[in-house]
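Summary of the model geometry
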Amino acid sequence: MTFEEHAHGDHGAMHRDNNMRAAVVHVVADAAVSVLVIGGLLLARSLRWTSMDPLAAIVGSVVIASWAYTLVRDTGGVLLDMQPDPSLARRVREAVQAQGDRISDLHLWRLGPGHVGAIVSVVTAQNRGPNL
């Protein structure tokens, strides 16, 4: 697989759209909490389990907190220019070094779903000219 195929292919975490994930988590969390609250109210009414409503709220908040944590962690990685895929950096290095050159600095970052930006400083002994 070439660098271009990997950068434009559909490969898991590198292509997650955090905005879409946040919207889905919000809708699913609202639906899940609604189901939990209705279930808690039905159990409290039919079986006289008055502690079901607060228990449903606690369970719902734990589930939502875990979803929110992963979303914040992944979004933070994007905002802090975390390298999107270590294997991509390795393949870029291998492709440049296969031509007899050396990378002195490589910085990759995620621009959006399916798009990666790169700054590559290459040291070469060959005169490559303006038409790389």
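Above this text you will find the structure in question.
Below: a short report on this structure. (Residues numbered from 1 in each chain as written. Predicted model: local features only at pLDDT ≥ 70, side-chain atom pairs only at ≥ 80, totals over all residues. Heavy atoms only, no water.)

**Side note on the pattern of salt bridges**
Quick reminder of the rule: Whenever Lys or Arg places a side-chain nitrogen within 4 Å of a carboxyl oxygen from Asp or Glu, that contact is recorded as a salt bridge. Each helix is a run of DSSP H or I of at least 4 residues and each strand a run of E of at least 2, with the numbering of both proceeding from the N terminus.
Under the criterion given, the structure shown has 1 salt bridge. Here R90 makes a salt bridge to E94, at a shortest N to O gap of 3.4 Å. One end of the pair, R90, and the other, E94, are both in helix α4 (residues 86-97), 4 residues apart, so they sit about a helical turn from each other.

**Here's the deal with the packing of helix α2 (residues 18-47) against helix α3 (residues 52-79)**
How we decide: Helix axes are fitted only over the stretch in contact, all axes being lines through C-alpha atoms; the angle between N-to-C directions runs from 0 to 180 degrees. Throughout this description, any angle smaller than 35 degrees is read as roughly parallel, any larger than 145 degrees as roughly antiparallel, any in the 65 to 115 degree range as roughly perpendicular, and the remainder as oblique. A contact between two residues is defined here by any heavy atoms of the two lying within 4.5 Å. Each residue is assigned to one of three groups, with Ala, Val, Leu, Ile, Met, Phe, Trp, Tyr, Cys and Pro labelled nonpolar, Asp, Glu, Lys and Arg labelled charged, and all others, Gly among them, labelled polar.
Relative to each other, α2 and α3 sit at 170 degrees, their axes nearing to 8 Å. In terms of their interaxial angle, α2 and α3 are classed as roughly antiparallel. For the pair α2 and α3, the contacting residues are N18, R21, A22, V25, V28, A29, V33, L36, V37, G40, L41 and L43 in the first and M52, D53, A56, V59, G60, I64, W67, T70, L71, D74, T75 and V78 in the second. Across the contact of α2 with α3, the residue classes break down as 16 nonpolar, 5 polar and 3 charged.

**As for a nonpolar patch on the surface**
Just so we agree on the cut-off: Surface patches are drawn from residues lacking salt bridges whose relative accessible area is over 30%; two like charges belong together within 9 Å, two nonpolar side chains (Val, Leu, Ile, Met, Phe, Trp, Tyr) within 5 Å. Under the convention used here, a 1.4 Å probe and the Shrake-Rupley method define accessible areas, while residue burial counts only the protein chains that appear.
Taken together, the side chains of L36, L55, V59 and V63 define a hydrophobic patch exposed on the protein surface, amounting to about 270 Å² of accessible area. If one sorts the elements of the nonpolar patch by residue count, α3 sits on top with 3 residues. Relative to the helices and strands, V59 resides in helix α3.

Functional significance is not addressed by these values, which are geometric in nature.
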